[in-house]
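Structural characterization, general
Given next are the chains, with one letter for each unit.
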There are 4 protein chains.
Amino acid sequence: MTAPDSSTSTDPIRVAVLGAGGKMGRYAVQAVAEAPDLELVAELGSADPLQRMLDAGASHVLDLTVPQVSPENVAFAVENGLHAVVGTSGWSDERRARLRDRLADHPEVGVLIAPNFSVGSVLASAFAAQAAKHFPSVEIIEMHHPDKVDAPSGTAVRTAGLIADARSGAGVGPSPDATTHDPDGARGALVDGVRVHAVRLRGLEAHQEVLLGGPGEQLVLRHDAFDRKAYMPGVLLGLRTVASRPGLAYGLDAYLDLG
Amino acid sequence: MTAPDSSTSTDPIRVAVLGAGGKMGRYAVQAVAEAPDLELVAELGSADPLQRMLDAGASHVLDLTVPQVSPENVAFAVENGLHAVVGTSGWSDERRARLRDRLADHPEVGVLIAPNFSVGSVLASAFAAQAAKHFPSVEIIEMHHPDKVDAPSGTAVRTAGLIADARSGAGVGPSPDATTHDPDGARGALVDGVRVHAVRLRGLEAHQEVLLGGPGEQLVLRHDAFDRKAYMPGVLLGLRTVASRPGLAYGLDAYLDLG
Amino acid sequence: MTAPDSSTSTDPIRVAVLGAGGKMGRYAVQAVAEAPDLELVAELGSADPLQRMLDAGASHVLDLTVPQVSPENVAFAVENGLHAVVGTSGWSDERRARLRDRLADHPEVGVLIAPNFSVGSVLASAFAAQAAKHFPSVEIIEMHHPDKVDAPSGTAVRTAGLIADARSGAGVGPSPDATTHDPDGARGALVDGVRVHAVRLRGLEAHQEVLLGGPGEQLVLRHDAFDRKAYMPGVLLGLRTVASRPGLAYGLDAYLDLG
Amino acid sequence: MTAPDSSTSTDPIRVAVLGAGGKMGRYAVQAVAEAPDLELVAELGSADPLQRMLDAGASHVLDLTVPQVSPENVAFAVENGLHAVVGTSGWSDERRARLRDRLADHPEVGVLIAPNFSVGSVLASAFAAQAAKHFPSVEIIEMHHPDKVDAPSGTAVRTAGLIADARSGAGVGPSPDATTHDPDGARGALVDGVRVHAVRLRGLEAHQEVLLGGPGEQLVLRHDAFDRKAYMPGVLLGLRTVASRPGLAYGLDAYLDLG
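Only a predicted model underlies this, so the values are computations on that prediction, with no experimental measurement involved. (Residues numbered from 1 in each chain as written. Chains lettered and ligands numbered in written order. Predicted model: local features only at pLDDT ≥ 70, side-chain atom pairs only at ≥ 80, totals over all residues. Heavy atoms only, no water.)

Another point: the pattern of salt bridges. All names here are of chain A. Considering all chains together, one arrives at 52 salt bridges over all chains under this definition. Close ionic contact of Asp48 with Arg52 constitutes a salt bridge, the shortest N to O distance being 3.4 Å. Judged by its relative accessible area of 33%, Arg52 is partly exposed. Put simply, Asp224 and Arg222 hold a salt bridge, and the shortest N to O gap is 2.9 Å. Where salt bridges share partners, they join Glu139, Asp177 and Arg187 into one cluster. (Salt bridge = Lys/Arg side-chain N within 4 Å of Asp/Glu carboxyl O. Buried < 20%, exposed > 50% of the residue type's maximum accessible area, 1.4 Å probe, protein only.)

In structure tokens, the structure reads:
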């Protein structure tokens, strides 16, 4: 919703989507096609040669593939001067370090790797970390559809990590808890010192509540993702901004002016 | 809020409070004193002889004492023809059976034993059981202040039991759950086949959410007890109704016309 | 989720869907086709003669058309001995009276007219009416997508009506409200004496919260319909039950054993 | 929760409370008395001469009086080199301008005027403004006890103003709303272009929800103040920080490092 930089608006944004046939890919193809300031120039599946995006005159790559091929895709983009927005998981510290090295030789190229494209989810996690310095108690409840195989969710783990860092930096101790008797584990998981509860319920998609409490008050930060459409504003924000932010940005937060 | 029976309104309701010095007792003394249709005739502490309530002309006893003495108090009331409303815990199946035997000899006397005097909490549990027959998924989140030593709460355990009975009676299977990886126990406790999560947060008192989900929809039944005042309408409802319900009633539900 | 009556299970349920091309119709066609105990025998659009359902051997009609033709469709079904489940709006008191007259001549035929097929929504409204007798305060917040043209929603108006009837029957007065200064109408609409607030928010579908409050406590009954899928369990429940309930039933409540 | 500046920790914080007999005053007196790093040196009521705080050796003044006398109290504090934390309302732009003039002559003195001392409420409003740039839809629901005479609440009006400023600065247009039929005003008040709904419910104290929505997602920022205790951490934060922030700060936000 933030206006694109002037540099971005003068250069056309010609987007090639990699992984165009996947679930996220199909949504993204539609979102790019419908955006008045973006042009969809290529849709690639796993069998298509990367050269096709160059032939199509792409200026930007949107990588929504799988961890096995994403680093290779991004390397190809960088070497050819294309900006890249990446939604594929599996970008470990080591992979990101190698990508930073490569970007050092292409100082005009921007890359955004975003573990989560939901603007609302990223804001909620950032607010949670900021608020957690000011409340004695904090817990996380994440709620998902019951076909999910792992608990807790990756987003909840990342949120707990951000909260733990913020509290440790501000000298805030652990949340008070007098529990001495919990034979069945009702108190949930302890992730980086933060209690995390995982609900699985038919009808839900992906939801998270961070509860923060102090004497006489509570602050609740809740995010609901009802649909994969929720990720498209973040994808578009990434495509519109990446050219004006050379180098590697990790996390959509970097583009949200969170001060 | 329901009008008292005519039988109740003709006889005066002269209340003796046992355990008047405890936390609940002090609230109850005030609530009885302020109710226009009730008369507070005696306040007894642990050192006072039970005879004092007879001397004061009590028609009703409100027992808010401790499990060790509550059965003896109620037996004394029944033997002397006083109706009793009991908020003390520890009334096991066996104790209730013995009380029923005693009441058989005093067919005009009513006794209510209520594990929970919050009208809202009792309604929420009853609704949860009724709804749980109609949804594939159900989970419970209870939230309390962090000075509580046990998890999950007694109310959550009772709610899970009511839900389990209702679902078993209606032939509803377990909530769907594809979780295969939950190393830290984020999925919480399994109580009678129902997932229960316990949150402990400074600022809260006693809160419970029952989440019910089906394809494309969710029903949430939430109860908040902010203060012990929440128990007083239930106490008064009990005192106003018990004389018109001879025999033993267990649970405030019996007086709520839940159909 | 309740097991069908034995009468229902011996007769096959052969369903004709009227209005099969509409939004609800398409969902219903799929739901009926996928239900193991139902058989989809005909899909009719507005141009198709009603005779087609007889030719296809339908035993049940599901009417999801428009107010202009629904009474005619249902009359045709009744005259031909078919049970009908009706989701079309516009069934005024007068139309229902005329239908009852017609059903008097066909005592074996059952008809269900349901203004709302969401089991969760119907339960939430029924619970709200039951609870509203026990709390001094009650208000309704309904939340919908911002393309809705009317406020408040029909469901909120019906819920307010149920609450008002229940409170009037129990002798409960109006919710306390000391507001003397509300220049911009922040207190919302007054519907049958109950405050109703309408939120319009991109991302939402159809949601309703009933808030009930008393000294020291709150009960919140929240229903979320994320998707039209939410109406299918109610449609199937209607189709499975209608043959065992001759005459006219108005509202899905009648089939939910709400006591 | 943030560590006090070194300047603050070397000088003792000797607090005089003005308006010590009021509701907030009594809570504050207790909170100051219990804080290990603060010393309560004087409690003044409306009849006490201001000179008493000088006699008691106060270094800080906490003003919790009434709009009629607060400016005079703060002027006296500033002239005598005392830092002041002010929770009294009625500090108009004009009064603040006059105070700034006075502070220009006492460059070492700090004053904090806070319309709201709840850290959670201030954070929630700041987060709402930040997030509102990124979502097409935003609405506010405030909920209070039914003895409140005005609607909407001052906090809701301020939050709406912050949201409106943030959206206008980011070029975000009004929330989408297709409502054409709302005969009873269910859509609530329009404050600075933001819909505000006011609920009044027995059992509640002071609560606010900001709902933000975009395609497929929702962000909810909820704050609950259950008790006046909620304001004490903000009061203490103010007293601990004000000496290190010379000049006038308006709003607790200034001390919360909100970037």
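So much for the structure itself; the text now carries on.
This paragraph deals with the sheet that holds strand β8 (residues 194–200) of chain D. The ten strands are arranged β7(A)-β8(A)-β6(A)-β9(A)-β10(A)-β10(D)-β9(D)-β6(D)-β8(D)-β7(D) in an open sheet whose pairing can be described as mixed. Two strands bound the open sheet, and with one partner strand each, they are β7 (189–191) of chain A together with β7 (189–191) of chain D. In this sheet, adjacent strand axes meet at a mean angle of 20° when their direction is disregarded. Of the pairings in the sheet, the one linking strand β6 (residues 137–144) of chain A to strand β8 (residues 194–200) of chain A comprises six bridges and is parallel in character. Note that in β8(A) the partner of A:Ile140 across the bridge is A:Val196. Across the sheet, helix α6 (residues 119–131) of chain A is in contact with β9 (206–214) and β10 (217–225) of chain A together with β10 (217–225) of chain D; its angle to β10(D) comes to roughly 25°. The strands touched by helix α7 (residues 154–170) of chain A are β6, β7, β8 and β9 of chain A; relative to β6(A), the strand with the most contacts, the crossing angle is about 170°. (Pairing = 2+ DSSP bridges. Helix = DSSP H or I, 4+ residues; strand = E, 2+ residues; numbered from the N terminus. Axes fitted to C-alpha atoms, helices over the stretch in contact; angles between N-to-C directions. Contact = heavy atoms within 4.5 Å.)

Taken residue by residue, the interface counts 36 residues in chain C and 36 residues in chain B. In total, about 3,100 Å² of surface goes out of reach between chain C and chain B, with carbon and sulfur atoms giving 60% of it. Joining chain C to chain B, the criterion identifies 15 residue pairs in polar contact (both at pLDDT 80 or more). Classifying every residue of the side of chain C that touches chain B by side-chain character gives 19 nonpolar, ten polar and seven charged. As defined by bridge partners, strand β10 (residues 217–225) of chain B adjoins strand β10 (residues 217–225) of chain C across nine bridges and the pair is classed as antiparallel. (Buried area = accessible area lost by both parts, 1.4 Å probe. Polar contact = N/O pair within 3.5 Å; in protein donor to acceptor, adjacent residues only side chain to side chain. Nonpolar A, V, L, I, M, F, W, Y, C, P; charged D, E, K, R; others polar.)

It is worth spelling out the side chain of D:Asn73 at this point. All names here are of chain D. Relative to the assigned elements, Asn73 resides in helix α4 (residues 70–79). Note on Asn73: relative accessible area 6%, which makes it buried. Setting aside its immediate chain neighbours within four residues, Asn73 contacts Leu18, Leu50, Asp63 and Thr65.

Everything listed is a geometric property; what it means functionally is a separate question.
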